Amino acid sequence: SLPFALLAAACLWSGCIKQALPPSVEFRISGFDTAALRGKTIVIDPGHGGPERGAIAENGLCEAEVNLGVALYLWGFLKDAGALPVLTRSSDTCLFKGEPFVLRSELEVRAAVSNAAKADLFVSIHHNSDGKERGERNDLMVFYKMSDPGCSRDVAREVCDALKERMHAEPASVQPGNYLVLRTAQAPAILGEASYMNYKSNSEKLSYHRTLNAEAQGYFMGILRYYAKGVPTVSFSAPNQPVFIEARPRIAASLSAG
């Protein structure tokens, strides 16, 4: 039978993205040790949707639906690996139902979905644009929650490296980000801008399932590598209660792999 990820993506294509070549079949979850992902709640946020179309390519391709296509593949990969993936949206819609539409409120609702799920990780998927009709820039950028230069930056590095491998992308960088969805998500959080919608050849490439599938593979492999390394936690710290006698008490702590 078809892998679950392919079935999940099959229901996507209406609107801006045309039916195209089938995705690559070379990627198999069964070929990896996914034990580190089991039971992890990972919230996947496909950026934009509904009235928020995001960047538009010269052929009319919408970022909102490209983001969703990548997210559906990633959801399937994580589900097959034993994780507990949660999508902030699973169709071309928005979460904020008020009138008129308020972008800030929409972003706050997305972070609230992650917080309510007690996510272990929040991943927001986007594609960039420099505002030109036909651009020359095609950077890969992964932003991490600026207030968390530990876990968020670590997972951003892994995802960036894996996206580079799967998409043959250069240049690529990991950067701090203070986007609302990142700073209000309680979990470690990243936001990926895997390519530019208006880059000269991307309007066609991003129309193909195989491109979105490859991008989702990059996110998946980066997340898997991050958890496979183990996430350190504080197993002991002292003092662990208020100290009134000493002005500068001795502080001790130890870490253990998660």
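Calculation notes
- Residues numbered from 1 in each chain as written.
- Predicted model: local features only at pLDDT ≥ 70, side-chain atom pairs only at ≥ 80, totals over all residues.
- Heavy atoms only, no water.
- Pairing = 2+ DSSP bridges.
- Helix = DSSP H or I, 4+ residues; strand = E, 2+ residues; numbered from the N terminus.
- Axes fitted to C-alpha atoms, helices over the stretch in contact; angles between N-to-C directions.
- Contact = heavy atoms within 4.5 Å.
- pLDDT = per-residue confidence, 0-100.
- Phe/Tyr/Trp six-rings, centres within 6.5 Å; stacked < 30°, edge-to-face > 60°.
- Buried < 20%, exposed > 50% of the residue type's maximum accessible area, 1.4 Å probe, protein only.
- Salt bridge = Lys/Arg side-chain N within 4 Å of Asp/Glu carboxyl O.
- Core = buried A, V, L, I, M, F, W, Y, C linked by side-chain atoms within 4.5 Å.

Peer 1: Let's hear about the sheet that holds strand 3 (residues 121-128): which residues, and what values?
Peer 2: Pairing within the open sheet is mixed, and its six strands lie in the order 2-1-3-6-4-5. Sheet topology places strand 2 (84-87) and strand 5 (172-177) at the edges, where each strand pairs with a single neighbour. Put simply, the sheet's adjacent strands are angled 20° from each other on average, direction ignored. Looking at chain direction, strand 4 (residues 140-145) and strand 5 are connected through six bridges and run parallel. Residue pairing across strands places Leu140 opposite Ala172, the latter belonging to strand 5. This element, helix 2 (residues 63-80), spans strand 1 (41-46), strand 2 and strand 3 of the sheet and lies at about 145° to strand 3.

Peer 1: Go over unusual backbone geometry, please, and point to the residues and values.
Peer 2: Pro100 follows Glu99 through a cis peptide bond whose omega is 0°. Within the secondary structure layout, Pro100 lies in the loop between strand 2 and helix 3 (103-116). With an omega of -5°, the peptide bond running from Glu170 to Pro171 counts as cis. Take Pro171: it is sitting in the loop between helix 4 (151-167) and strand 5.

Peer 1: Would you mind going over the confidence of the model for the chain in detail, with residue names and values included?
Peer 2: With 80% of its residues at a pLDDT of at least 70, the chain reaches an overall mean of 86. Every residue in residues 1-23 is under pLDDT 50, and counting partners more than four places away or in other chains gives 49 contacts.

Peer 1: Run through the packing of aromatic side chains, naming residues and quoting values.
Peer 2: Counted under the stated rule, the structure contains eight aromatic pairs. Centre to centre, the rings of Tyr226 and Tyr227 are 4.9 Å apart; their planes meet at 70°, and the pair counts as edge-to-face. According to the relative accessible area criterion, Tyr226 is buried, its value standing at 7%. A relative accessible area of 8% places Tyr227 in the buried class. In this structure an aromatic cluster arises from ring pairing among Phe27, Phe32, Tyr73, Phe77 and Phe220.

Peer 1: Let's hear about the side chain of Arg110: which residues, and what values?
Peer 2: Tracing the backbone through its elements, the reader meets Arg110 in helix 3. When neighbours within four sequence positions are excluded, Arg110 is seen to be in contact with Asp45, Pro46, Gly47, His48, Thr88, Arg89, Thr93, Leu95, Phe122 and Val181.

Peer 1: I'd like to hear about the pattern of salt bridges, residue by residue, with values.
Peer 2: Throughout the structure, instances matching the rule amount to nine salt bridges. In this structure, the salt-bridge partner of Glu65 is Arg53, at a minimum N-O distance of 3.9 Å. Taken as a pair, Glu65 in helix 2 and Arg53 in the loop between strand 1 and helix 2 lie far apart in primary sequence, twelve residues in all. Relative accessible area serves as the criterion here: at 5%, Glu65 is assigned to the buried category. Residue Arg53 is classed as partly exposed on the basis of its relative accessible area of 23%. Here the salt bridges share partners, and the residues they tie into one network are Asp45, Glu106 and Arg110.

Peer 1: Lay out the nonpolar core in plain terms, naming residues and giving numbers.
Peer 2: Judged by nonpolar contacts, the single largest core of 49 residues is most densely connected at Leu37, Ile42 and Phe220. Residue assignment for this core shows that the elements contributing at least two residues are strand 1, helix 2, strand 3, strand 4, helix 4, strand 6 (189-196) and helix 7 (209-228). The leading source of residues in this core is helix 2, at ten residues. Sequence-distant contacts of Phe220, defined by excluding residues within four places in its chain, comprise Phe27, Ile29, Thr34, Leu37, Leu74, Phe77, Leu78 and Ala81.

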